[in-house]
Amino acid sequence: MSSPLSRQLDLYIRSLAEREQSRDAPHNRQDLGTLLTWLLQAQGHRVLVPAYRYDGPKRSSNVGYAQGGVDLFSCTCDGDVPRLFRFTLKQGNLTTKNAYDKSDLAPDLSRILSRPDEQDRWVLGIPKDAPFTTTTVVVHNGNFEAEHLAPMRERWRNAFEADGNRFEWWDAESLVDQACVALGSEGEDPTSIFPPGVQPFVSLVLDGLRVYAREAEVGARQHSDLMRRLAFALAHWLPVGTSEPQRGFDLKKKSQAARAVAEVTLFTALAERVVRTADDPPWLELASIVERCLCGVVALSAQHPKWTRVREGLELLAHQLVDIWVSIAEALGSVDGVVDGLAQLGHSEVVDYPIRSWWMAGRVAAAARLARDLGRPEHVVLLVKALESLVTTSAAAGLRAPVTDDVVAELVVIVEVLQHAERLDVASDLVSQILERLYLRRAMGLPGPSTWHRALMPLDGRTAGELAAVWSGDVDDRSSHRFTDEGSLLLTLCIAWHVRWSGEVLRELWETFLPGRTKASPNVVSEVALQLWCPPEDLWSRWYREEITDAGVVHLLTADPDTDSNLESFASEVEAKLADVPPSPMEERGMAGADALASLVWRHPLLLRQWVDLDPMGSAVEPTDDTI
């Protein structure tokens, strides 16, 4: 059991209750009985008495109901002779302690052993004298202590086989193996493992990924529409990470939280399986889906750090996301040194290209941060190398000319990773070039980066057209009021970093941006306010699940370039305000990479507390062999 799918299936199967008590089960919530029903049907069994039955609008459970210890019946045929399978279900691990005292396993098996043939004939629907055979199966979604319980299992096997019947024992490992075979069966719909109410949304995402894999057949507009549909599907059914959990999950309960997380991890495993079978795998789209799911699980894990199953799901998703970005980083080697880099044909490529470049570089940096947290130094090296290539080669053209101030979220993650990789020279060069480009556009009377638009991929057509028109200098009254550079966080951080790293700032830069220093053209704001966003007090309860830029406080900063001491004072003021942030729950658990990822997903323009050391001679983390 070593494949990603088997690990996710193991977490999912172990999380299921023997009998789900939710009112909307099993339509929207699954349990061990409904999973076993799916598994048996995939194996060709005819399920005679399912785990649940319906009487009009009311649900009634068949589990443990007047069945003599049997929770579920199914049948197959040995030639012309029917074979009746009698299943008794138990939740969790079976140990020396609970196999006798708590699980009621022995009484159930005793009742099954003493069942009259007439009862089984009635279940099968066969005449009195017709031959049949039986197989009794103990099913539990946990571990089996073979060393201590093997003698007990052997005694029961001998008791059942004395009458010519079979006896089998299915633990969690056996269920996982059977589920892997079922999902790999030709013609088997992978969404069928989920409850019926969830299947339409899972199908929408998986079908969307299949369409993405046929890239030559899909235009840019269809790609954007598909990605928005995938985002809608995720938001609708994702049972974690939202203020109001979907389908009635009570995430304050360990069992339900573990089940919700396990369902999400299984979904991402199936999505990855779909992607890997494509000739041209849509890795970027899969990465977008997994990162959204990861943020949801992180939100839950941050609230309940000691819940083992939730932590296991978080680590599985983090490893999966790193694996995806390793595959992408390896593919990025094909554009290293190419003149056009990541550019594509398109009318709005003048803004699509910069935003795509920032999106790509930010995610590669976040993946490197996650790889470091997960103890994968070889992949840290690979991802940092890919990041450096994006920042330094021709593909960095989009990074040097940001079209929205919102890319500060990516810039923060990129700078942090390069600093810890001891490549501060690369980060310093990128910041210097950004400042130079901003200065040149300002001097030419062109607008600077938009402070209103989000740097999201994919851009919708209206936003892309508006940005392209204004960024190219085609300014009109309808768009100029939405494209303003009068308050910039990006410029603030770039100036502070440049002061720290170079010790100086060009006078022309200050004279171009500071109030009262220049005569602006009619379409350009005459000054740029240097500002810094400080988060609200409930920062970490909202960081992983929603945008919080409408809260907090924006500080306006002053800077005077007349003396070096004033420049140092400005940089120190920025650092002091950024440092006044409490440590995050994930930082305390050694998973600060999750904070970086959430800042990209939810567009949080914040330099986190562990990232504020701007002095190249110091480091927030002591360098070691596996430190980036």
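Cut-offs used in this document
- For every chain, the first residue of its written sequence is number 1, and the numbers climb from 1 along that sequence.
- For a predicted model such as this one, the threshold for reporting local features is a pLDDT of at least 70, and the threshold for listing and counting side-chain atom pairs is 80 or more; totals across whole chains, interfaces and linings nevertheless cover every residue.
- Hydrogens and water are ignored here; the side-chain numbers use all heavy atoms of the structure.
- Numbering of helices and strands starts at the N terminus; helices are DSSP runs of H or I of at least 4 residues and strands are runs of E of at least 2.
- Each residue gets one of three labels from its accessible area relative to the maximum for its type: buried under 20%, exposed over 50%, partly exposed in between, using a 1.4 Å probe on protein chains only.
- The contact criterion used throughout is that any non-hydrogen atoms of two residues lie within 4.5 Å.
- All accessible-area figures derive from a Shrake-Rupley calculation using a 1.4 Å probe, and residue coverage is judged against the displayed protein chains alone.
- For two strands to pair, DSSP has to find at least two bridges joining them.
- Note on geometry: axes are lines fitted to C-alpha atoms, helical ones only across the stretch in contact, with angles between N-to-C directions running from 0 to 180 degrees.
- Note on terminology: angles under 35 degrees are roughly parallel, angles over 145 are roughly antiparallel, angles of 65 to 115 are roughly perpendicular, and the others are oblique.
- Whether a crossing is left-handed or right-handed is set by the direction in which the near helix is turned from the far one by less than a right angle, anticlockwise for left-handed and clockwise for right-handed.
- Residues are grouped as follows: Ala, Val, Leu, Ile, Met, Phe, Trp, Tyr, Cys and Pro are nonpolar; Asp, Glu, Lys and Arg are charged; all remaining types, including Gly, are polar.
- Grouping buried Ala, Val, Leu, Ile, Met, Phe, Trp, Tyr and Cys residues that are joined through side-chain atoms within 4.5 Å yields what is termed a nonpolar core.
- Note: pLDDT gives the predictor's confidence per residue, expressed from 0 to 100.
- Within 6.5 Å between ring centres, the rings of Phe, Tyr and Trp (the latter by its six-membered ring) count as paired, and their orientation is classed by plane angle as stacked under 30 degrees, edge-to-face over 60, tilted in between.
- We call a charge positioned above a ring when the Lys NZ or Arg CZ atom is no farther than 6 Å from the ring centre and deviates by at most 35 degrees from the ring normal.

Engineer: Looking at this structure, how should I read the overall build of the protein?
Structural biologist: Scanning the protein from N- to C-terminus turns up 25 helices and 10 strands. Per-residue burial over the protein gives 55% buried out of 628 residues. Contacts in the protein between residues at least 24 apart in sequence constitute 73% of all its contacts with a sequence separation of at least 6. Only carbon and sulfur atoms are counted for the fraction: they give 49% of the accessible area of the protein, which is about 27000 Å².

Engineer: Looking at this structure, how should I read the sheet that holds strand β8 (residues 487-488)?
Structural biologist: Sheet architecture is open: 3 strands sit in the order β8-β9-β10, paired in mixed fashion. Two strands bound the open sheet, and with one partner strand each, they are β8 and β10 (553-556). Examined bridge by bridge, β8 and strand β9 (residues 529-534) share 2 bridges and lie parallel to one another. In the strand pairing of β9, Ser 488 is matched with Leu 530. Here helix α20 (residues 489-502) sits on the sheet in contact with β8 and β9, set at roughly 95 degrees to β9.

Engineer: Help me out: how do you make sense of the packing of helix α2 (residues 32-42) against helix α7 (residues 172-183) in this one?
Structural biologist: Axes are the key here: two packed helices are described by the angle between their axes and the distance separating the axes. Their axes nearest at 10 Å, the elements α2 and α7 cross at an angle of 50 degrees. In terms of their interaxial angle, α2 and α7 are classed as oblique. Our pair here, α2 against α7, has a crossing hand that is left-handed. Along its contact with α2, which presents Leu 32, Trp 38, Leu 39 and Ala 42, the element α7 presents Leu 175, Gln 178, Ala 179, Ala 182 and Leu 183. For the contact of α2 with α7, the residue count by class is 8 nonpolar, 1 polar and no charged.

Engineer: Help me out: how do you make sense of the nonpolar core in this one?
Structural biologist: Soluble globular proteins tend to bury their nonpolar side chains together. Judged by nonpolar contacts, the single largest core of 161 residues is most densely connected at Phe 87, Trp 325 and Leu 383. Those residues within four positions of Phe 87 in sequence are excluded, and the remaining contacts are Leu 36, Leu 40, Gly 69, Val 70, Asp 71, Leu 72, Ser 74, Val 137, Val 139 and Trp 170. Among the nonpolar cores identified, the runner-up in size contains 19 residues, and Leu 105, Leu 124, Phe 132 and Met 152 belong to it.

Engineer: Sorry if this is basic, but what is going on with the environment of Phe 85 here?
Structural biologist: Within the fold, Phe 85 resides in strand β5 (residues 81-90). The class for Phe 85 is buried, based on a relative accessible area of 8%. Through-space distance from the C-alpha of Phe 85 to that of Arg 46 is 9.9 Å; in sequence the pair is 39 residues apart. In this structure Phe 85 touches His 45, Leu 72, Phe 73, Ser 74, Cys 75, Thr 76, Thr 135 and Val 137, once residues within four positions along its chain are discounted.

Engineer: Just to check I follow, could you spell out the confidence of the model for the protein for this structure?
Structural biologist: Predicted coordinates in areas of low pLDDT are best not read in detail. When pLDDT is averaged along the protein, the result is 79; 77% of the residues meet or exceed 70. Taken as a whole, residues 477-481 scores under 50 in pLDDT and shows 3 contacts with residues more than four places along the chain or in a different chain. Below a pLDDT of 50 lies the segment residues 516-526, which in the model reaches 19 contacts outside its immediate sequence neighbourhood of four places, other chains included.

Engineer: Looking at this model, I keep getting lost on the packing of aromatic side chains. Mind explaining?
Structural biologist: Aromatic ring pairs are reported here in terms of the distance separating the ring centres and the angle at which the planes meet. Tallied over the full model, the rule gives 11 aromatic pairs. Ring plane angle 10 degrees and centroid distance 5.3 Å describe the contact between Phe 160 and Phe 167, whose orientation is recorded as stacked. Ring geometry for Trp 497 versus Trp 501: centroids 5.7 Å apart, planes at 5 degrees, classification stacked. Placement of both Trp 497 and Trp 501 in helix α20 is noted, with a separation of 4 residues, approximately one turn of the helix. Assigned by exposure class, Trp 497 and Trp 501 land together as buried. Grouping aromatic residues by their ring pairs yields a cluster made of Phe 144, Trp 156, Phe 160, Phe 167 and Trp 169. Directly above the aromatic system of Phe 249 lies the positively charged group of Arg 29, at a separation of 4.1 Å from the ring centroid.

Engineer: Any chance you could explain the sheet that holds strand β4 (residues 72-78) here in plain terms?
Structural biologist: Adjacent strands of a sheet form backbone hydrogen bonds with each other and so pair up, either parallel or antiparallel. Spatially, the 5 strands line up as an open sheet ordered β1-β4-β5-β6-β7, and their pairing is mixed. Looking at strand neighbours, the two that pair on one side only are β1 (46-49) and β7 (166-170), the edges of this open sheet. Ignoring strand direction, the axes of neighbouring strands in this sheet form an average angle of 25 degrees. Two strands pair when backbone bridges link them, and β5 and strand β6 (residues 133-140) are joined in this way by 8 bridges, in the parallel orientation.

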